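Tertiary structure, described
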Amino acid sequence: MAQAIPDHLHRILDLARWAPSGDNTQPWRFEVLGDEHVRVHGLDTRDHVVYDLDGHASQLAVGALLETLAIAATGERRQARIRRIPDTPDDHLLIDVEFDPAAGGADPLIDVIEKRVVQRRPMSTRPLTQAQRQALENALPAGFRVRWFEPLAERWRVARLLFDNAKIRLTIPEAFEVHRSVIEWGARFSADRIPDQAVGVDPLTARLMRWAMADWRRIARLNRWALGDLPPRIQLDLLPGLACAAHFTLLAPAALRTVDDYLDAGRAMQRFWLTAASQGLYVQPEMTPVIFSRYHRERRHFTQTAAAAAKVEDLNRRLAAMLAGESVDRLFFMGRAGDGPPPRARSVRRPLEQLLVSGRSDS
Ligand SMILES: Cc1cc2nc3c(=O)[nH]c(=O)nc-3n(C[C@H](O)[C@H](O)[C@H](O)COP(=O)(O)O)c2cc1C
């Protein structure tokens, strides 16, 4: 779609689109309303993605986008004023962003907006330094808290939780449909999905997955007769779960209930993640236990597989025990962090032109 955008807005939006989103869905569109005015359309995938419970994962991503917009604006000597338009549908949020002139320099995090990247492969186990931990804790807005799981015994505990959680992820048909649609096969980069080379399995397992994922019956048979879920669970969950400096959980000031709670949490998540990048650290989100746990706590149906539904009860109990007294209702993000070589493959982004809309259209 052809649309003349002032250069400064083009630069801000072009940087902001590097915000992270679940499965690289980029659930945002930009409507340019003036030289200093953009309306962000915040969409979600709850109707077909089991992980996007009530659109919360997308709302976290839209929050990350807003934070990235605000940081990008400082590079243009502008301050972003962000206001969500009330009473719009939850699955089509409208957020007005107006830019005011601002003195002062650019936010230093601007330099890592594009460099920040998820690392799904094993990381170094070198512990975080005191300075890194402090920088990450300071990155969070008032009231937000991080909890670390660093010693080997604690990493082992989280790795086992992820390993067991992956049994659910890899054996329910509802997740199969999602995985099938978000992986781009034979790719090192992907503009709108996750390239298979960034998933974190070895080439042989990737080939097996590609073959099996062509048809749910193949997966079901492999899982039943050949322990087909074991190689990916070991490679994607158990080993990386040990091979990192630390796991962490991010907790909001209070139980998350509203769309705005999730947008604020997404902003905090992105400041944390960008700060990690500025400290030379990689992060991988570990969100599916957080999501399955919420399904359980809210007694929501999410799968036709009875065994999996039963497993989430145990998962939720273990997650709650890990938080040692802090309410799971405050938990919105979980991940691992560490240093090491950069990933060779990554998700890139849709070109800005594809993200521009006029009026209320979504495409
Ligand atoms: C809310 C949210 C949830 C995510 N959950 C996971 C996850 O559970 N596992 C994972 O490996 N990556 C997860 N990601 C990372 C995205 O897949 C990743 O950010 C996206 O593909 C873009 O890639 P990039 O971050 O490398 O630029 C999540 C990201 C966000 C924002």
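These numbers were taken from a predicted model, which means no experiment stands behind them. (Residues numbered from 1 in each chain as written. Predicted model: local features only at pLDDT ≥ 70, side-chain atom pairs only at ≥ 80, totals over all residues.)

Right, let's get into the overall build of the protein. Scanning the protein from terminus to terminus reveals 12 helices and 12 strands. Its C-alpha atoms give the protein a radius of gyration of 20 Å, near enough to 21 Å, the size a compact globule of 363 residues would have. Taking the contacts inside the protein whose residues are at least 6 apart along the sequence as the reference set, 76% of them involve residues at least 24 apart. (Helix = DSSP H or I, 4+ residues; strand = E, 2+ residues; numbered from the N terminus. Rg over C-alpha atoms; globule rule 2.2 N^0.38 Å. Contact = placed C-beta atoms within 7 Å.)

The next subject is helix 1 (residues 7–16). Side chains of residues three or four places apart in an α-helix project in the same direction, reflecting 3.6 residues per turn. Among the residues making up helix 1, those that are buried are Leu9, Ile12, Leu13, Leu15 and Ala16. Projection of helix 1 onto a plane perpendicular to its axis shows the buried side chains occupying an angular sector of 165 degrees, all on one side. Tucked inside the fold, the buried residues of helix 1 contact strand 1 (28–34), strand 2 (37–43), helix 2 (56–74) and helix 12 (352–355). (Buried ≥ 20, exposed ≤ 12 C-beta atoms within 10 Å, placed from the backbone. Arc of directions from axis to C-beta.)

Core analysis: the largest hydrophobic core is formed by 84 residues, its most contacted members being Leu65, Leu69, Leu250, Met269 and Ala337. Broken down by element, this core gets its largest block of residues, 12 residues, from helix 2. Residues within four places of Leu69 in sequence aside, it is in contact with Ile12, Ala16, Ala80 and Val97. Core analysis: the second largest hydrophobic core is formed by five residues, Val182, Ile183, Ile194 and Val199 among them. (Core = buried A, V, L, I, M, F, W, Y, C linked by C-beta atoms within 7 Å.)

A few words now on the sheet that holds strand 3 (residues 78–84). Strand order in the open sheet made by the four strands is 1-2-4-3, with antiparallel pairing throughout. Edge positions in the sheet fall to strand 1 and strand 3, since each has one partner strand and no second. Taken over all neighbouring pairs, the strand axes of this sheet differ in orientation by 25 degrees on average, direction set aside. Pairing between strand 2 and strand 4 (residues 92–101): seven bridges, direction antiparallel. Within strand 4, the residue paired with Leu43 across the bridge is His92. (Pairing = 2+ DSSP bridges. Axes fitted to C-alpha atoms, helices over the stretch in contact; angles between N-to-C directions.)

Residues in close proximity to the ligand total 20 residues, the closest being Pro20, Asn24, Pro285, Met287 and Ser347. Contributions of two or more residues to the shell around the ligand are made by helix 2, strand 10 (282–285) and strand 12 (346–347). In terms of residue count, helix 2 provides more of the shell around the ligand than any other element does, four residues in total. Residue classes in the shell around the ligand are distributed as 10 nonpolar, six polar and four charged. (Near = placed C-beta within 6 Å. Nonpolar A, V, L, I, M, F, W, Y, C, P; charged D, E, K, R; others polar.)

Moving on, we come to the sheet that holds strand 9 (residues 246–251). Taken in spatial order, the four strands make up an open sheet running 5-9-11-10, and their pairing is antiparallel. Strands at the two margins of the open sheet, each flanked by one partner only, are strand 5 (145–149) and strand 10. Strand after strand, the sheet turns through a mean of 30 degrees between neighbouring axes, direction not considered.

Along helix 3 (residues 130–139), the residues classified as buried are Gln132, Leu136 and Ala139. Buried residues along helix 3 cover an arc of 60 degrees about the axis, so they all sit on one side. Opposite the buried face of helix 3, at more than 90 degrees from it, the exposed residues are Gln130, Ala131, Gln134 and Asn138. On its buried side, helix 3 packs onto strand 5 and helix 9 (259–278).

Moving on, we get to the environment of Met269. Structurally, Met269 is set in helix 9. Separated by 248 residues in sequence, Met269 and Ser21 have C-alpha atoms that sit 11 Å apart. Once residues within four sequence positions are removed from consideration, Met269 is found in contact with Leu60, Ala64, Leu250 and Phe333.

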